[in-house]
Amino acid sequence: MGAFWSAAADLVTGAACAGCDRPGLVLCDACRHALAPDPRPVPSVVPAVAGLGYDGVVRPVLAGLKEHGRWQLQPPLAHALAAAACVAAPDGPVALVPVPSTRASRRRRGGDPVGDLVEAAAARLRVVGLDVVVVPALRHVRRVDDQAGLGVQERGENLAGAFAAKPRRALRGRSLLVVDDVVTTGATLRESVRALRSAGLVTHAAAFVAATPRRHSGGASGPRS
Ligand SMILES: [Zn+2]
């Protein structure tokens, strides 16, 4: 058996849908359907839109891409991010500014799947004629703990002053969109907007693959996110 068929056999034998774990390749039709973008506004410091709710099949599919290296899951997630960016972006040239991944997560994942996802979303937006570039203008300036398991206030404290921004030439003449995979409390977005502002840059909007469903509704009167 040649190398190609051997790899194919590995894929077929014991392969399961990343969304529901039923036998199949990559994603079954039902899970693929559940990943169709459904952009929704996210209460935040800037106009923000998420392509999907972070529930149901979205959670295991994002984890499959990020934590298990299942790169075949990238297209539907990039599509959701592109749809969110389309809704969030003002007219004219746009720069997508990714929230930086930590060095620890890049090491654990053997790369930067979220950064790659942002590039894939930008490529989709260019295909439909939008003037979009990805500009990694944000970076970590100190170590932060994993946000998972932290409460709203702790998340904010964990991230306060964690990012710095570089006013890159590629940003000139473009509206800035901060982009990330999941928005939970909005602490990461707030820190991104703060760091960009400190560098003299205005964040126009933000776009996410998915947003954690809110337990409280009520917009500005709800809990700080
Ligand atoms: Zn499925």
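Predicted model only: the values in this text are computed from it and were never measured. (Residues numbered from 1 in each chain as written. Predicted model: local features only at pLDDT ≥ 70, side-chain atom pairs only at ≥ 80, totals over all residues. Heavy atoms only, no water.)

It is characteristic of soluble globular proteins that their nonpolar side chains tend to be buried jointly. Residues Leu27, Leu96, Leu177 and Val209 are the most contacted members of the largest nonpolar core, which totals 40 residues. In terms of residue count, helix α4 (residues 74-88) provides more of this core than any other element does, 8 residues in total. Look past the residues within four positions of Val209 in its chain and what remains in contact with it is Ala50, Gly51, Leu52, Leu62, Leu77, Ala80, Leu81, Leu117, Asp180 and Asp181. Counting residues in each nonpolar core, the second largest holds 28 residues, with Val46, Leu176, Leu189 and Ala206 among its members. (Core = buried A, V, L, I, M, F, W, Y, C linked by side-chain atoms within 4.5 Å. Buried < 20%, exposed > 50% of the residue type's maximum accessible area, 1.4 Å probe, protein only. Helix = DSSP H or I, 4+ residues; strand = E, 2+ residues; numbered from the N terminus. Contact = heavy atoms within 4.5 Å.)

Right, let's get into the coordination of the zinc ion. Tetrahedral coordination by four donors puts the ideal angle at the metal at 109.5 degrees, and octahedral coordination by six puts it at 90 or 180 degrees. Of the protein atoms, only Cys17 (SG), Cys20 (SG), Cys28 (SG) and Cys31 (SG) coordinate the zinc ion, at distances of 2.3 to 2.4 Å. Because the angles between the 4 donor atoms bound to the zinc ion fall within 103 to 115 degrees, the donor set is best described as tetrahedral. Mapped onto the sequence, the residues coordinating the zinc ion show the spacing C-x2-C-x7-C-x2-C. Pair noted here: Cys17 is in the loop between α1 (3-12) and α2 (29-34) and Cys31 is in helix α2, with a separation of 14 residues, a long-range link. Residue Cys31 is classed as buried on the basis of its relative accessible area of 3%. (Donors = N, O, S within 2.8 Å, 3.2 Å for Na, K, Ca; no water. Tetrahedral: all angles 85-135°; square planar, octahedral: opposite > 155°, others 65-115°.)

Residues at a pLDDT of 70 or more form 89% of the chain, whose mean pLDDT is 88. Below a pLDDT of 50 lies the segment residues 216-225, which in the model reaches 8 contacts outside its immediate sequence neighbourhood of four places, other chains included. (pLDDT = per-residue confidence, 0-100.)

A few words now on a nonpolar patch on the surface. On the surface, Val127, Val128 and Leu130 cluster together into a nonpolar patch covering about 310 Å² of accessible area. With respect to the helices, strands and loops of the structure, Val128 is situated in the loop between α6 (113-127) and β4 (132-134). (Patch = residues over 30% accessible without salt bridge, like charges linked within 9 Å, V, L, I, M, F, W, Y side chains within 5 Å. Areas by Shrake-Rupley, 256 points an atom, 1.4 Å probe, with all protein chains shown as cover. Salt bridge = Lys/Arg side-chain N within 4 Å of Asp/Glu carboxyl O.)

For strand β7 (residues 175-183), a buried count of 9 out of 9 residues is recorded, marking the element as mostly surrounded by other parts of the structure. Pairing analysis gives 7 bridges linking β7 to strand β8 (residues 203-211), with the strands arranged parallel. In the sheet register, Asp180 faces β8, and the bridge partner there is Phe208. (Pairing = 2+ DSSP bridges.)

Okay, unusual backbone geometry next. Here the phi dihedral of Asp21 falls at roughly 75 degrees; this positive angle occurs in a residue that is not glycine. When you line up the elements, Asp21 lands in the loop between α1 and α2. Note on Asp21: relative accessible area 62%, which makes it exposed. Even without being a glycine, Val26 presents a positive backbone phi close to 60 degrees. Inspection of the secondary structure puts Val26 in the loop between α1 and α2. Since its relative accessible area comes to 21%, Val26 is described here as partly exposed.

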